[in-house]
Amino acid sequence: MQSGQQSSHRVVAIDGPAASGKSSVTRELARRLGFAYLNSGAIYRAITWHILQKGIDVGESDRVAHAVESAQITCCLRDNELCIFIDNVDPGDYLRDDRVNESVSRVSSIPRVREIVVEKMREHAQGRDLVIEGRDIGSVVFPDTAYKFYVDASPEVRLRRRAAQGQRDEITMRDHADSSRPVSPLVVAKDACIIDTSHLTIEQVVNEIIGRLEQNGLLPSAA
Ligand code: CDP
């Protein structure tokens, strides 16, 4: 498949910084649309967990890239949600561990790792309608989709949300690393619709997105 090319299936891209509400919004949107849900961050997290399990220093880009090339990465759907297996192990319970939070931006900045993950995502998207969340979905992974959203919230709100999840997660540092890396940085795709979720509930954000999708022709208008 060519870069970003899609067949008859539809892809809704939801990008944004850490703790902006992407996951809750994307999951609920997928449920309401009856589309599959794909969290690209979970793939980068699973790979990071695998690298740490192997005792590889995440600063050694070539070793990391080689280990990812050698790993068997399988994506499948369970109840319309993505499950990731690496060498037949499901690291699902460990994706939000502190050590994964600390290292994931480093691992995901390695160009070869990104190439492998992007290919997996495009393979997974083949033939199914999908809502997919990440950092570069509208800009790099599916640049041709007409349905792009950038979900944001103020830094204070995002810090509060992550703290309320009980996680130790340096989101400010991660955002800086994700936005300043040379390869596929977090950016607002030029044709994305920006939604500030600081003062909105998940339902309000999803309703807003569905309204836009109706205007864009993805859904029949409710009117
Ligand atoms: O849940 P949260 O928004 O905090 O993060 P995530 O979506 O689970 O993504 C974890 C990390 O994976 C990000 O901080 C990025 O470093 C990386 N990532 C990426 O580089 N590209 C993506 N499309 C998705 C995630």
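Residues numbered from 1 in each chain as written. Predicted model: local features only at pLDDT ≥ 70, side-chain atom pairs only at ≥ 80, totals over all residues. Heavy atoms only, no water.

## A look at the packing of helix 3 (residues 61-70) against helix 5 (residues 111-125)
And then number 1: Viewed as axis vectors pointing N to C, helix 3 and helix 5 meet at an angle of 20°, and their least axial separation amounts to 8 Å. The orientation of helix 3 with respect to helix 5, classified from their angle, is roughly parallel. Considering the relative orientation of helix 3 and helix 5, their crossing is left-handed. Along the contact surface, helix 3 presents Val64, Ala65, Val68 and Glu69, while helix 5 presents Arg112, Val113 and Ile116.
And then number 2: Residues of the contact of helix 3 with helix 5, tallied by class, amount to five nonpolar, no polar and two charged. (Axes fitted to C-alpha atoms, helices over the stretch in contact; angles between N-to-C directions. Helix = DSSP H or I, 4+ residues; strand = E, 2+ residues; numbered from the N terminus. Parallel < 35°, antiparallel > 145°, perpendicular 65-115°, else oblique. Left-handed = near helix turned anticlockwise from the far one by under 90°. Contact = heavy atoms within 4.5 Å. Nonpolar A, V, L, I, M, F, W, Y, C, P; charged D, E, K, R; others polar.)

## Side note on the site of the ligand
And then number 1: What surrounds the ligand is a group of 19 residues, the closest being Arg45, Arg96, Arg162, Arg174 and Asp178.
And then number 2: A distance of 2.7 Å is found between an oxygen atom of the ligand and a side-chain nitrogen or oxygen belonging to Arg45.
And then number 3: A distance of 2.7 Å separates an oxygen atom of the ligand from a polar atom in the side chain of Arg174.
And then number 4: Expressed as a share of its isolated accessible area of 530 Å², the protein-covered part of the ligand is 99%.
And then number 5: Among the detected pockets, the ligand sits in the largest pocket.
And then number 6: Contributions of two or more residues to the shell around the ligand are made by helix 2 (40-53), helix 4 (98-107) and helix 8 (171-180).
And then number 7: Broken down by element, the shell around the ligand gets its largest block of residues, four residues, from helix 2.
And then number 8: Residue composition of the shell around the ligand, grouped by class: four nonpolar, five polar and 10 charged. (Near = heavy atom within 4 Å. Polar contact = N/O pair within 3.5 Å; in protein donor to acceptor, adjacent residues only side chain to side chain. Areas by Shrake-Rupley, 256 points an atom, 1.4 Å probe, with all protein chains shown as cover. 1 Å grid on protein atoms, 1.4 Å probe; cavity = no way out; pocket = protein on both sides within 12 Å on 5 of 7 lines; lining within 4 Å. Sits in = over half its atoms within 2 Å of the grid points.)

## Some thoughts on the confidence of the model for the protein
And then number 1: On average, residues of the protein score 92 in pLDDT, and 96% of them are at 70 or above.
And then number 2: Mean pLDDT values for the elements of the protein range from 89 in strand 3 (residues 73-78) up to 98 in helix 3.
And then number 3: Here residues 1-6 is modelled with pLDDT under 50, and outside its nearest four sequence neighbours on either side it reaches 20 contacts, counting other chains as well. (pLDDT = per-residue confidence, 0-100.)

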